[in-house]
Amino acid sequence: QVQLVESGGGSVQAGGYLRLSCAASGSFSAINGVDWYRQAPGKQRELVASISVEGRTNYADSVKGRFASSRDNAKNTVYLQMNSLKPEDTAVYFCNAHIRVGNYEYSYWGQGTQVTVSS
C-alpha cells in the first residue's frame, strides 16, 4: 500500500513563503513524475507545477518565478517552495504522484493542505 502525506500548509501574509512537502511511504519501486495542483473555493482544480523523475520542472504562468518544485529521492519526498505569496494563491494544494509498483504505474493523491494568504 502506498500513501502520500502532505504537510507544510498554513496561513501567511502576502509576500510571505511556505514550503509544502509530499512524502510517499509504503511498498513501491520508484516515484516518477509528481504534479502539484490547487483548488480554490468555487474554482476548478488547476495544475500549478510539475517535476519529472529527472527533476525537470514546469510551472503555470501564474506561479512562474515564485514557486519552485524539487525532490529528494532518498527521502521519497517532493517539495513545493512558494515565495512571494499572493492572496490569490489561497487554495487547498494537492500533490499527485505517479508511482511505479511492480511493472505498473499508478496515480496517487495526497490529502491536500490548506494555504491561506492574507493581504
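Rules behind the numbers
- Residues numbered from 1 in each chain as written.
- Predicted model: local features only at pLDDT ≥ 70, side-chain atom pairs only at ≥ 80, totals over all residues.
- Heavy atoms only, no water.
- Helix = DSSP H or I, 4+ residues; strand = E, 2+ residues; numbered from the N terminus.
- Rg over C-alpha atoms; globule rule 2.2 N^0.38 Å.
- Buried < 20%, exposed > 50% of the residue type's maximum accessible area, 1.4 Å probe, protein only.
- Contact = heavy atoms within 4.5 Å.
- Areas by Shrake-Rupley, 256 points an atom, 1.4 Å probe, with all protein chains shown as cover.
- Lys, Arg positive; Asp, Glu negative; His and termini not counted.
- Charge placed at Lys NZ, Arg CZ, Asp CG, Glu CD.
- Salt bridge = Lys/Arg side-chain N within 4 Å of Asp/Glu carboxyl O.
- Polar contact = N/O pair within 3.5 Å; in protein donor to acceptor, adjacent residues only side chain to side chain.
- Disulfide = S-S within 2.5 Å.

Focus: the overall build of the protein chain
Argument step 1. Within the protein chain, the secondary structure is distributed over zero helices and eleven strands.
Argument step 2. Listing each helix as α and each strand as β along the protein chain from the N terminus yields β-β-β-β-β-β-β-β-β-β-β.
Argument step 3. Whereas a compact globule of 119 residues would reach a radius of gyration of roughly 14 Å, the protein chain reaches 14 Å, a difference of no more than 12%.
Argument step 4. Principal-axis analysis of the C-alpha atoms gives the protein chain an extent of 45 × 25 × 25 Å.
Argument step 5. In the protein chain, which comprises 119 residues, the proportion classed as buried is 43%.
Argument step 6. The contacts of the protein chain with a sequence gap of at least 6 include a subset with a gap of at least 24, amounting to 54%.
Argument step 7. For the protein chain, the computed accessible surface area is about 6400 Å², with 46% contributed by carbon and sulfur atoms.
Argument step 8. In the protein chain, which carries 11 positive and 9 negative side-chain charges, the distance between the mean positions of the two groups comes to 2 Å.

Thoughts on the side chain of D35
Argument step 1. You can see D35 is positioned in strand β4 (residues 30-39).
Argument step 2. With no salt bridge to any partner, buried D35 finds its closest opposite charge in R71, at an N-O distance of 9.0 Å.
Argument step 3. Polar side-chain contacts of D35 include one of 2.7 Å to the side chain of S50.
Argument step 4. Excluding residues within four positions of it along the chain, D35 makes contact with L47, A49, S50, F94, C95, N96 and H98.

Observations concerning the state of the cysteines
Argument step 1. In total, this model carries one disulfide according to the counting rule given.
Argument step 2. Through a disulfide, C22 is tied to C95; the S-S separation comes to 2.1 Å. As the torsion about the S-S bond is roughly 70°, the C22-C95 disulfide counts as right-handed. Here C22, found in strand β3 (residues 18-26), pairs with C95, found in strand β9 (residues 91-101); they are 73 residues apart in sequence, far enough to count as distant.
Argument step 3. Of the residues examined, C22 reaches a relative accessible area of 3% and is grouped as buried.
Argument step 4. The exposure class assigned to C95 is buried, which follows from its relative accessible area of 0%.

A closer look at the pattern of salt bridges
Argument step 1. By the definition in use, this model includes five salt bridges.
Argument step 2. One salt bridge in this structure joins R38 and D89, with 2.9 Å as the shortest N-O distance. Of this pair, R38 sits in strand β4 while D89 sits in the loop between β8 (77-82) and β9, and the two are 51 residues apart along the sequence. Taken as a pair, R38 and D89 share a single burial class, namely buried.

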